[in-house]
Amino acid sequence: MIRRRVPVELPFSGDPSTRFLPGVIALMVFLTALALAGTMLLERAVADWRQSLTTRVTVEVPPGPKLDERLAAAEAMLRATPGLLQVRLLTEDEVAELLRPWLGDAAQRLDLPLPRLIDATLVAGGGLDLAGLRRRLEAASPGAAIDDHRDWLSGLVVLARGLEWLSVAVIVLVGASAMAAIVFVVRSGLAIHRGVVEFLHLIGAQDGYIGRQFERQILRLGLRGAGLGLAGVVIVAAPVAFLAQALEGPGVRAPGLEAWHLAVIGLVPLAAVLAAGVTARLTVRRALARLP
Amino acid sequence: MVVFENVAMRYEQGPVVLRDVNFHLREGSFHFLTGLSGAGKSSLLSLLYLAQLPTSGRVKLFGQDVASMPRTERPALRRKIGVVFQDFRLLDHLTAVENVALPLRVSGNDGPEAETHVRELLAWVGLADHVDARPRELSGGQQQRIAIARAVINRPLLLLADEPTGNVDDTTAARLMYLFEELNKMGTTVVLATHAELLIRRFDHPVLRLEAGTLAVDPAPRARGVA
């Protein structure tokens, strides 16, 4: 049958676009996937931090004379405070464990005057009066302090939000640049093959018939580029994910992505190819509409 | 079949290339279209095969006003028209069979029987031994015949040929004219643009004569088409 044997009427194989468009798409997929992964990591981190910010406080009882008495008084006062879900005194070993990342295994052997810590979980939405709690704590256990992490966590949240918006801006800019490149490629293809396009038009080809040949060409190039981009993401992300596991520690969750995050990132190449196809279709249809 | 009423045409903001053109071609007629270079022959043909629309006046093809009809309906109208371009416009990367089959592909009629039909037509124009050749491998006359085969593969109601004998020797020209007359006898309306007065005198058909953008019709003794 002629339909199977005849190649496309538009001979794209020699076009300059066939060389650079896959690279552009690959870069788009690579940068978008990385930016998206970064955004998701930050989003998850912000959520974790917010959780800590709103539901936990740490009471620090400084070392010194009558430490056990002051510790017992602080713990008793906390347990009697409404709005606290759980109050737990950290053992000396647990406190030393927190220092291990800085002092190493020697942390437990060193005879350092360490403060004692009480971890308290707040009832969500309980509206605990922290200022009042501070006053009562000072009265019950002089020198004890409450660290609600608010100061440094809120700074980090603002920074993370800023980085998220930066990632979104990168995604938008990269996407827009890639779409502009596709428009350029399609227009140059139309210019290069103008004679054939006009001829097909004159023998009664519908715009869709001509447009589909451009779309198929862009989709082919897009798929090639998307594959390259995805391979680049895997090559870069795999060692980063491995290294990130090393950050896991007491009270610190290793940065990582959930399955649905990976699924969304996996959709980036498909979205890029789809966007390329749609851009090509719109560009061709618009150009062909100028023919009588 | 074809009606031109007070047709004028210009390319964008350029000078008027056709002015007040009026004629009527009946179905099954055969006309020569002639005139000096720059008289407007190609412009008139471009109106006939819908590459251009009139700047003013009315062009009706197969009973339809081409300017007022929806753009999406024009492709169907174009498929009723076969065109032999002066420069052939064959696609270099396709074989003779593939070039001739193009109008069938475009119209979605490239079923299993199409290739047989295409090969028969190529044999009819004397190219049975060159079906798989690419245009670059063929002479000008052979390319011309591929262009003719491609123009008639869809059994067009109207066949337009722009200087089809311009680049071939007298023998080939006579053979091509024989092909056009055969197609005309089968019911195809033919308009053949040519400079060749000898050809016009030799064959008995009415003449559309263009001079500086205006048209005059010279009826032939046994003219069949000009109203």
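Residues numbered from 1 in each chain as written. Chains lettered and ligands numbered in written order. Predicted model: local features only at pLDDT ≥ 70, side-chain atom pairs only at ≥ 80, totals over all residues. Heavy atoms only, no water.

Fine structural detail should not be taken from predicted coordinates in areas where pLDDT scores are low. All names here are of chain A. Mean pLDDT over chain A works out to 84, with 91% of the residues at or above the 70 mark. Averaged pLDDT values over the elements of chain A bottom out at 48 in helix H1 (residues 2–5) and peak at 93 in helix H7 (residues 194–202). Segment residues 3–7: pLDDT under 50, and 13 contacts once partners within four positions in sequence are set aside and those in other chains are kept. (pLDDT = per-residue confidence, 0-100. Helix = DSSP H or I, 4+ residues; strand = E, 2+ residues; numbered from the N terminus. Contact = heavy atoms within 4.5 Å.)

Turning to the packing of helix H5 (residues 140–152) of chain B against helix H6 (residues 170–185) of chain B, a few remarks are in order. Residues and elements named next belong to chain B. Orientation of H5 relative to H6, taken along the N-to-C sense of each, is 5°, at an axis distance of 12 Å. Regarding the angle of H5 to H6, the classification is roughly parallel. Residues Gln-144, Arg-145, Ile-148 and Val-152 of H5 lie in contact with H6, whose contacting residues are Arg-175, Leu-176, Phe-180 and Leu-183. Across the contact of H5 with H6, the residue classes break down as five nonpolar, one polar and two charged. (Axes fitted to C-alpha atoms, helices over the stretch in contact; angles between N-to-C directions. Parallel < 35°, antiparallel > 145°, perpendicular 65-115°, else oblique. Nonpolar A, V, L, I, M, F, W, Y, C, P; charged D, E, K, R; others polar.)

All names here are of chain A. Residues Leu-34, Ile-235, Val-236 and Val-240 make up a contiguous nonpolar surface patch of about 340 Å² in total accessible area. Ranked by residues supplied to the nonpolar patch, first place goes to helix H8 (residues 207–245) with three residues. Assignment of secondary structure puts Leu-34 in helix H2 (residues 17–55). Here Leu-34 falls in the partly exposed class, since its relative accessible area comes to 33%. (Patch = residues over 30% accessible without salt bridge, like charges linked within 9 Å, V, L, I, M, F, W, Y side chains within 5 Å. Areas by Shrake-Rupley, 256 points an atom, 1.4 Å probe, with all protein chains shown as cover. Salt bridge = Lys/Arg side-chain N within 4 Å of Asp/Glu carboxyl O. Buried < 20%, exposed > 50% of the residue type's maximum accessible area, 1.4 Å probe, protein only.)

Counting residues at the interface gives 32 residues for chain B, matched by 25 residues for chain A. Interface area, chain B with chain A, both sides summed: about 2600 Å², of which 59% is carbon and sulfur. Three residues, B:Arg71, B:Arg78 and B:Arg105, lead the burial of chain B against chain A; their summed loss comes to 26% of the area buried on that side. Taken together, the links from chain B to chain A amount to two salt bridges. Here B:Arg71 and A:Asp207 are joined by a salt bridge, their closest N and O atoms 2.6 Å apart. Remark: the boundary between chain B and chain A carries eight residue pairs in polar contact (both at pLDDT 80 or more). Among the elements of the structure, helix H2 (74–78), helix H3 (96–106) and helix H4 (114–124) of chain B are those that each provide at least two residues to the side of chain B that touches chain A. (Buried area = accessible area lost by both parts, 1.4 Å probe. Polar contact = N/O pair within 3.5 Å; in protein donor to acceptor, adjacent residues only side chain to side chain.)

Let us look at the layout of surface pockets. Quantified by volume, the second largest pocket comes out at close to 610 Å³. Around the second largest pocket, the lining is made up of 20 residues, and of these A:Arg194, A:Glu198, A:Leu291, A:Pro292 and B:Ala51 lie nearest the centre. Secondary structure elements with two or more residues in the lining of the second largest pocket: H7 and helix H9 (259–288) of chain A. No other element matches H7(A), which puts five residues into the lining of the second largest pocket. Per-class residue counts for the lining of the second largest pocket are eleven nonpolar, three polar and six charged. (1 Å grid on protein atoms, 1.4 Å probe; cavity = no way out; pocket = protein on both sides within 12 Å on 5 of 7 lines; lining within 4 Å. Points joined across faces, edges and corners; volume = space filled by probe spheres on them.)

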